[in-house]
Amino acid sequence: MNTRHLLLALLAAILSFPACAGTCPGNASWCDDFENGAGRWLSKGTGASDVAASDLIIRSQDGSNNHVLVLSGQGGPLLVSDPAAQVNGAYFVEARLRPVASAATAGGQGYLIARYQDDNNWLGASVSVNRDRQRLAVDLVKMQNGKLLRLKQSGKDAGPNGSFYTIRLEVAGDALVLYLNGEMLVSATDSSQFEGRIGLLAKGQSVEFDDVRIGIGAGTGTGAGATASKPVRLALARMMDRVSLQLGEVPQPYPVLAFSGKDKLTLSLSALSSDASIVGVVVEDGKLVFTAKRPGLATIVVSSQADANVATYIAVRVDPAFTTSSQQYVLQGKVKPAAHAEDVPVDTPLQMEFDQVPTLGQSGSVRIYRTADNALVDVIRVGDDIDEIGYEGQELKRVVRFRPIRIDGKTVTIQAHNARLAYGTAYYIAIDAGVFVNASLAGQAFTGLGQSAAWGFSTRKQAPSGTSLTVDADGLADFRTVQGALNHAMRYLSRSEPVSIHIANGRYDQLLYLRGKDNITLRGESRDGVILQAYNDDGNNPGTGVSQGPMTPSITGGRSVFLIEDADLLTLDTLTLINTAVRAKSVGAQAETLVFSSDRGRLVVQHASFFSEQDTIQVKGYSWFYRSLIAGNVDFIWGANRAALFEESEIRSVGDSANPGKGGGYVVQARTVAANEAGFVFLNSRLTHGNGPGQNDVLPGTTYLARQGPPSTWDSVSFIHCMMDKHIAPVGWLTPRPESVQAQPGAGWGEYGSMDINGKPLDVSQRLPGHTLTEQQVAARFANRRLVFASFDNGKGWNPSPSDSK
C-alpha cells in the first residue's frame with residue numbers, strides 16, 4: 001500500500017461513524033454517510049425525469065470500512081429524494097468531498113448544491129484543485145438559465161494529496177455564507193427564488209462525497225430560524241499546516257485550537273500519521289507531539305472523535321539531523337555582524353558574502369546559540385517558516401508565514417525570528433552543511449559552519465533611551481530594522497509619548513507590525529532611498545490582520561507589508577513601501593502595502609510612495625495622504641473607513657500583470673462605515689497611468705474611478721478638482737450591480753471640477769448619470785481638510801498640516 005493509500009485508510013479508520021439512519025452528528029437534522037448506499041438520492045441525467053440512483057458508485061474508501069459516493073463527472077446533479085431533506089427558511093448544507101486525482105481529468109470541479117430548481121437553475125458552492133500550483137479554489141456559484149455565474153471567489157492552499165475538504169453553505173433568506181473546513185471564506189447575497197432542495201454534482205473529473213448533512217437554522221445570525229451554531233474549525237495554534245522537523249530534536253508540543261464562531265471549544269481529538277516510520281504523533285492535553293524518526297514526508301490527520309466533518313491535515317517534513325563542520329574560514333569581510341563584533345543591535349540580520357552565487361539547499365537549518373551556556377536560541381529553517389512579529393511578552397503578535405533565508409547574488413541574508421536576541425549577550429552561529437550547496441566561502445568549499453569557525457558577536461549592553469530612534473541597515477544606529485525600532489517603542493515607551501524613528505537610506509526587507517502605540521513618526525532619509533518592502537499576499541498570509549478574530553487562529557498576520565492596529569497619529573514621511581507580490585505569479589492576488597486598521601485612529605502620510613497591484617492601500621478610521629503616490633490596478637485604494645483624503649497626490653493605475661492588454665482595473669472600492677462620513681476624497685490630485693511589474697501599461701478608457709462594495713456599506717467616493725489622464729473610462733464609474741442600492745450624489749459617488757491631465761476642463765458628458773456634485777455640496781463637505789475630517793472625535797474635528805519634510 002503506497003503512502004497515499006495508507007493516509008486514506010488511516011483517515012477512514014479515525015473517521016468511521018455509524019450510518020446516519022439514526023441520530024445525526026452535531027446539530028444536523030438530516031444526514032447521509034452512504035454506508036447504506038445511495039437509496040435516498042435521485043440521479044439527474046440529461047434533463048429528463050428523475051431516475052433511481054441504483055447505478056451510482058458506492059465504494060469503500062481505499063479498502064477501509066468507510067464508504068463514499070463517487071460521481072464520475074458526467075451527467076447532471078444528484079438530488080436528495082428523501083422528503084425529510086426538503087428545507088426552507090434558514091438552513092445549512094454540508095459535505096466532505098475531494099476531487100479524485102487523475103492527469104486525464106485535472107481541472108474538474110465538485111459542487112455542493114443548496115438550492116435547486118432544475119438543471120439550469122441552482123445555487124451552490126464549487127471546489128477545484130490546481131495541482132500544479134497546489135491551490136484550492138472555493139467559490140459561491142449560481143447556475144442561471146444554463147450559465148454558471150461566480151458570485152464570490154476565494155482561494156486557499158490545497159491540503160496534502162488525498163485530503164478531503166469540508167464545505168458548508170449557509171442560507172438565510174438572500175444571505176449566503178461559505179465555509180471551508182470550518183473557516184468562513186466569503187459571503188454574498190442572492191435573491192434567486194430557487195427551490196430548497198440540495199444536491200451534489202461533479203464536472204470534468206470524478207469526485208468523492210461523504211457525510212452530507214442538512215441543519216435547520218444558519219450560524220449567520222440572520223433570517224428566520226437562524227439558530228444553528230457555526231461550524232467547527234481545527235488548526236495548529238500560531239502555526240501553519242506544514243511543520244518541519246530534524247532528527248534528534250526534542251519533541252515539541254503543538255497546541256490544537258478548536259473554534260465555533262467566537263467560542264473556543266474543548267474537543268477529544270485523534271491524530272494518526274500516514275507513515276509512523278517517518279514521524280510519530282500523539283495527542284497530549286490538546287497538543288500534538290511529533291517524534292521525528294527518519295527523513296521523509298508524512299501527513300498527519302487530526303480529527304474530532306465525535307464528528308467526521310471536523311478534521312484537518314498537517315504535512316510534516318523530517319530532515320536529517322543537524323550537523324556542523326569543523327572547517328574554519330577566513331571570515332573577515334565575509335560575514336555581518338563581523339566575527340567577534342561588539343555593540344551589535346539586537347535586531348541584526350545575519351549576512352554572508354559567498355565567492356559565487358550559492359544555491360539554497362532543500363533541507364537543514366541555521367542555528368543561533370548563546371555562548372555562555374551553548375543554549376539554543378533560534379532555529380532558522382530552509383523554506384517557509386513562521387514568525388511572530390512583536391516584542392517579547394506582547395499579548396497579540398502578528399503571526400506570519402515568511403522565508404527567512406534570502407539570496408541576492410552572492411549575498412545571503414538570514415533573518416532570525418523576531419525578538420530572539422537579548423541585550424548584553426554573546427552568541428555564535430552554526431549552519432548545516434546542506435543549507436547552501438555549490439558554494440564556496442573565502443576560497444574554500446562550504447561544508448557547513450560550526451562553533452570552531454568562530455562566527456560570534458555580542459549585542460549592545462542596554463536598550464537605547466529617549467524618544468528619537470535611528471535605523472540603519474549598515475551604519476551606526478540604534479536598530480538594523482524598522483521592526484526592531486517599533487518593538488522598542490511599543491515595549492518601553494508609554495502609549496501617548498511621541499516617538500520619532502529616523503530611517504537611513506537602504507532597502508529593508510521585512511513585514512512590519514504596530515499595535516497599541518500612538519504618536520509614532522517614521523521618517524526616511526529620502527523618499528526613493530528608503531525602501532520598506534516584502535513579498536506577501538492572500539495566498540501566503542490570508543486575511544487582513546490580527547484583529548480578524550478567532551476564526552483565523554493559526555496564521556493571523558494578514559497579507560500586507562505593514563499592518564497597523566489600534567494606533568492613533570501614525571505618521572509616514574519621506575519613504576517608499578512596496579509589496580513585491582505580482583498578480584500574474586501570485587496564488588492570492590490581494591497584496592496590500594499598508595493596512596491601517598484603527599477604526600477611530602488617524603494616519604498621516606506625506607511625501608511617500610506605495611507600490612502593489614491589488615489592494616495597495618487599505619484604511620479604516622481617518623487618514624490623510626499628502627503629496628504622495630499610490631500605484632496599483634484592482635481596488636488599489638479601499639477599506640471600511642470614515643474619512644480618507646488624498647490631497648495633491650498622484651493616483652497611478654498600472655498594467656495588470658495577470659491580464660496584460662485587458663482592463664485597467666478600479667481605483668477605489670469604498671466600504672465606508674456610515675452615510676454621514678466623507679469616505680474617500682481626492683482633492684487637487686492627478687490620476688495617471690504607467691507600467692506595472694509586468695512592464696505593461698493600462699489601455700485608454702479602461703480604468704474605472706470606483707466599483708461598488710458590499711451593500712451593507714456606503715460607496716462614499718468623491719473626486720474634487722482632479723486631473724485625469726486618458727486611461728479613465730468615459731463613463732467614469734462602473735455601473736452598479738442590479739441587486740445593490742444605487743450610489744447617490746453626496747452620500748455615494750461624486751465628481752466636481754475634473755480636468756484632463758493638462759489642466760483643461762474634462763468632457764464628462766458620457767459619465768454615469770447622477771454623480772456630478774454641485775459647488776454648494778463641495779463647499780459644504782469637501783473643500784478642505786477641516787471639512788473632510790469634521791466628524792473626528794464626535795464632531796470635534798481634525799485639521800492636519802504638513803510638516804517641513806520634503
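We now turn to the structure provided with this report. Per-chain numbering applies: the sequence of each chain, read as written, is numbered from 1 onward. Only residues with pLDDT of at least 70 get local features here, since the model is predicted, and only at 80 or more are side-chain atom pairs given and counted; chain-wide, interface and lining totals rely on the full set of residues. Side-chain metrics rest on all non-hydrogen atoms present in the structure, leaving aside hydrogens and water.

### A short note on the pattern of salt bridges
Selection criterion: By salt bridge we mean one thing: a side-chain nitrogen of Lys or Arg within 4 Å of a carboxyl oxygen of Asp or Glu. Think of it this way: any DSSP run of H or I at least four residues long counts as a helix, any run of E at least two long counts as a strand, and we number them from the N terminus. Only protein chains enter the accessibility calculation, which uses a 1.4 Å probe; a residue whose area is less than 20% of its type maximum is buried, one above 50% is exposed, and one in between is partly exposed.
Counting across every chain of the model gives 43 salt bridges. Where D518 meets R495, a salt bridge forms, and the shortest distance between an N and an O atom there is 3.1 Å. Of this pair, D518 sits in the loop between β44 (512-515) and β45 (520-524) while R495 sits in the loop between α2 (482-492) and β42 (499-503), and the two are 23 residues apart along the sequence. Residue class for D518 comes out buried when judged on its relative accessible area of 13%. Owing to a relative accessible area of 37%, R495 belongs among the partly exposed residues under this scheme. With a shortest N-O distance of 2.8 Å, R602 and D568 are connected by a salt bridge.

### Looking at the nonpolar core
To be explicit about the condition: Buried residues of nine kinds, namely Ala, Val, Leu, Ile, Met, Phe, Trp, Tyr and Cys, make up a nonpolar core once their side-chain atoms join them within 4.5 Å. The contact criterion used is simple: two residues touch if any of their non-hydrogen atoms lie within 4.5 Å.
By size, the foremost hydrophobic cluster in this structure holds 66 residues, and its most contacted members are F562 and L572. Ranked by residues supplied to this core, first place goes to α2 with 5 residues. When residues no more than four places from it in sequence are discounted, the contact partners of L572 are L522, F562, L577, L594, L603, V604, V605, Q606, A608 and F610. By size, the runner-up hydrophobic cluster in this structure holds 42 residues, among which are F34, V87, V138 and L176.

### Describing α2
For α2, a buried count of 9 out of 11 residues is recorded, marking the element as mostly surrounded by other parts of the structure. Burial in α2 covers these residues: V482, Q483, G484, A485, L486, N487, H488, A489 and M490.

### Quick word on the pairing of strand β18 (residues 242-246)
As a reminder, the rule being used: If DSSP finds at least two bridges between two strands, the strands pair.
Buried residues dominate β18, accounting for 4 of its 5 residues. Sheet topology note: the β18/strand β25 (residues 311-319) ladder contains 5 bridges and is parallel. Bridge pairing links V243 to V316 in β25.

### Regarding the packing of aromatic side chains
Rules: By convention, a stacked pair of Phe, Tyr or Trp rings (six-membered ring in the case of Trp) has centres within 6.5 Å and planes under 30 degrees apart, an edge-to-face pair has planes over 60 apart, and any other such pair is tilted. Two conditions define a charge sitting above a ring: the NZ of Lys or the CZ of Arg must be within 6 Å of the ring centre, and it must be within 35 degrees of the ring normal.
In the structure shown here, the tally under the stated rule is 21 aromatic pairs. Ring centres of Y369 and Y428 lie 5.2 Å apart, and the angle between their planes is 15°; this geometry places the pair in the stacked category. Here Y369, found in strand β30 (residues 365-370), pairs with Y428, found in strand β36 (residues 426-431); they are 59 residues apart in sequence, far enough to count as distant. Accessibility classification places Y369 together with Y428 in one group, the buried group. Consider the rings of Y427 and F457, whose centres lie 6.1 Å apart with planes at 45°: the pair is tilted. A residue pair is termed long-range when its members are at least 10 positions apart, and Y427 in strand β36 and F457 in strand β40 (residues 456-459) qualify at 30 residues. For Y427, a relative accessible area of 3% corresponds to the buried category. One aromatic cluster is present, built from ring pairs that chain together F610, F625, F646, F682, F719, W733 and W749. Taking NZ or CZ as reference, R96 lies 4.6 Å from the ring centre of F164, over its face. When the ring centre of F92 is taken as reference, the NZ or CZ atom of R168 above it lies at 3.7 Å.

### Examining the sheet that holds β44
So the rule is basically this: Note on geometry: axes are lines fitted to C-alpha atoms, helical ones only across the stretch in contact, with angles between N-to-C directions running from 0 to 180 degrees.
What the 7 strands build is an open sheet, ordered β44-β47-β49-β51-β54-β57-β60; its pairing is parallel. In the strand order of this sheet, the two ends are held by β44 and β60 (704-706), each with one partner. Averaged over all pairs of adjacent strands, the angle between their axes in this sheet comes to 15°, without regard to strand direction. Where strand β54 (residues 634-639) meets strand β57 (residues 666-670), 4 bridges bridge the pair, whose relative direction is parallel. Paired with G639 across the strands is A670, a residue of β57.

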